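Coordinate inspection notes
Given next are the chains, with one letter for each unit.
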Amino acid sequence: MPETPLSLARLAGALDLTEQQLVGLVLSCTAETPDPTLVALTVEEAARRLGVGRTTMYALVASGEVPSVTIGRLRRVPAEALKEYMAVRTRAADSTVTLAA
């Protein structure tokens, strides 16, 4: 007797989750977590750390907003550059809020 495939909806229901919650859980478990000790990241790793899309990250690198270096034929983003980028953006956001108040 062939086994009946378990549907996503049935599995989610058995776990008392919505389908969307189950998919999010599976993706979070299978997503590569960048090594926090890395000094230089790929553009994709940098995008994941910032929580932006790959295309957005490439645009930030191309515009020079986020510095990058070429190592051989590889493009890498220094991990420290992400912290600096966020600090600059945070200061800019804070000053905008102050002006609006």
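To be clear, the structure that these remarks concern was listed above.
These notes cover the structure that comes with them. Values in this document were obtained by computation on a predicted structure and should not be read as measured data.

Scoring rules and cut-offs
Residues numbered from 1 in each chain as written. Predicted model: local features only at pLDDT ≥ 70, side-chain atom pairs only at ≥ 80, totals over all residues. Heavy atoms only, no water. Salt bridge = Lys/Arg side-chain N within 4 Å of Asp/Glu carboxyl O. Helix = DSSP H or I, 4+ residues; strand = E, 2+ residues; numbered from the N terminus. Buried < 20%, exposed > 50% of the residue type's maximum accessible area, 1.4 Å probe, protein only.

1. Details of the pattern of salt bridges
- Under the defined criterion, the tally for this structure stands at two salt bridges.
- Measuring nitrogen to oxygen at the nearest pair gives 3.2 Å for the salt bridge that ties arginine 54 to glutamate 44. With arginine 54 in helix H4 (residues 54-63) and glutamate 44 in helix H3 (residues 43-50), this pair connects stretches of sequence that are ten residues apart.
- A relative accessible area of 49% means that arginine 54 is categorised as partly exposed.
- Lysine 83 is the partner of glutamate 80 in a salt bridge, and the nearest nitrogen-oxygen pair spans 3.8 Å. With glutamate 80 and lysine 83 both in helix H5 (residues 79-100), this residue pair falls three residues apart, about one helical turn.
- On the basis of relative accessibility, which here comes to 45%, the residue glutamate 80 falls in the partly exposed class.

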